[in-house]
Amino acid sequence: MAIISSSSKENNNNSPNPASKSPKSKEKPPQEKSLLTPEATTDEKITEADTKPEQSIRPQNLEDYIGQKALKELLHIAIAAAKSRKSPLDHLLFYGSAGLGKTSLALIIAAEMGVQCKITSAPALERPRDVAGLLVSLQPGDILFIDEIHRLPKVTEEILYSAMEDYRLDVTIGKGTAARIRSVSLSKFTLIGATTRIGALSSPLRDRFGFIQHLRFYEIDELTKIVTRTAKLLETVIDEDGATEIARRARGTPRIANRLFKRVRDYTQVKANGEITGSIANDALELFNVDPRGLDWIDRKLLTMMIENFGGGPVGLDTMAASTGEDTQTIEEVYEPYLLQIGYLNRTPRGRLVTPAAYRHLGFSVMHQKDVV
């Protein structure tokens, strides 16, 4: 039974043309979308339309990419070998903390190979049709980049198995006894996955990547070069001390370094003469509550609470969450990793412990040192 909206009824009743009531003028039922019809996902549209300012900051080739020296060498060899064979790269998996350059590497690899790179994220691929549309639209050698790939739905992930291994898409048509499988050949492509939690990837998917690499945190000298390069691209005057001051507080992460640089640039344009020096960068970052070790006020609040209320620990995760007003997942995934990395926090079976280095950084005397070591 056809369903007609109220607005359609009014238009038909008020129309002076009697022919409009003819059966021939009935609207055709909407055609069912094909499973293999390519559709641009939300993430693709955002990537193509809204990230142009970021593209000016991202490096365009491996020579401009700063840091990750060992990884760059491996990629240089893999790209040169693939180009000499005139074949696509093997599937790659990058894992590491957010902001270390996984997306930038995918775009650089595509540029070096001279192919297109389609970018999406795992949460956007909810239905099999979403990933099927992307796969059939790929040209030979193209790169499909999936961010946060560990969040792929199980059904979508299983479609990738045959696509990655045999460049084939298996589609089930119909149901029950009338069901049949249709195989669609795909162009040979390269899948690049990025994840912050490689342990959350299923073994069947992880094993299908031929190139698995960890992105490490950056050294201060590498971040200084990144800040200097960003300042040059954004036409901002900065001296070496200013770049080093920003790099020292960036938590070893280029994304944070660029974010802090932009905040310091705003401060300098309003409060100073437009040139970023070491003292100006220090004043600006102190105003934004980022201390010389990159700790913000929540990091300091967490450590101070543990020292003042619990003698430095051990403190349970639930107790920390209740005392600071933050949920346990935020503490465990956002704040703890960096505090553990710089040696200000320890995990033990009994709970979290503040280290003597954190005591000294916050200006506390180390009391009962044997309990906090």
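So, a few notes on the structure that sits alongside this text. (Residues numbered from 1 in each chain as written. Predicted model: local features only at pLDDT ≥ 70, side-chain atom pairs only at ≥ 80, totals over all residues. Heavy atoms only, no water.)

### A few points about the overall build of the protein chain
Then, in step 1: In terms of regular secondary structure, the protein chain is built from 17 helices and 11 strands.
Then, in step 2: Counting the 373 residues in the protein chain, one finds 40% classified as buried.
Then, in step 3: Taking the contacts inside the protein chain whose residues are at least 6 apart along the sequence as the reference set, 68% of them involve residues at least 24 apart. (Helix = DSSP H or I, 4+ residues; strand = E, 2+ residues; numbered from the N terminus. Buried < 20%, exposed > 50% of the residue type's maximum accessible area, 1.4 Å probe, protein only. Contact = heavy atoms within 4.5 Å.)

### Overview of the packing of aromatic side chains
Then, in step 1: Using the criterion set out here, one finds one aromatic pair in the structure.
Then, in step 2: Ring centres of Tyr 167 and Phe 189 lie 5.7 Å apart, and the angle between their planes is 85°; on these two criteria the pair is classed as edge-to-face. Separated by 22 residues along the polypeptide, Tyr 167 in the loop between helix H7 (154–166) and strand S4 (168–173) and Phe 189 in the loop between strand S5 (180–185) and strand S6 (190–195) bring together distant segments of the chain. For the residue pair Tyr 167 and Phe 189, the accessibility class agrees, reading buried in each case.
Then, in step 3: Over the aromatic face of Tyr 161 sits the side chain of Arg 208, whose NZ or CZ is 4.3 Å from the ring centroid. (Phe/Tyr/Trp six-rings, centres within 6.5 Å; stacked < 30°, edge-to-face > 60°. Lys NZ or Arg CZ within 6 Å of the ring centre and 35° of its normal.)

### Examining the sheet that holds strand S7 (residues 211–214)
Then, in step 1: Pairing in this open sheet of five strands is parallel, and the strands run S2-S3-S6-S1-S7 from one edge to the other. In this open sheet, the two strands that pair with only one neighbour each are strand S2 (117–121) and S7. The mean angle between the axes of side-by-side strands here comes to 15°, regardless of whether they run parallel or antiparallel.
Then, in step 2: Inspection of the sheet shows strand S3 (residues 143–147) paired to S6 by five bridges, in the parallel sense. Within S6, the residue paired with Leu 144 across the bridge is Leu 191.
Then, in step 3: Of the strands in this sheet, strand S1 (92–95), S2, S3 and S6 touch helix H5 (residues 102–113), which is tilted by about 180° from S3. (Pairing = 2+ DSSP bridges. Axes fitted to C-alpha atoms, helices over the stretch in contact; angles between N-to-C directions.)

Remember, this is a structural readout, not a statement about activity or role.
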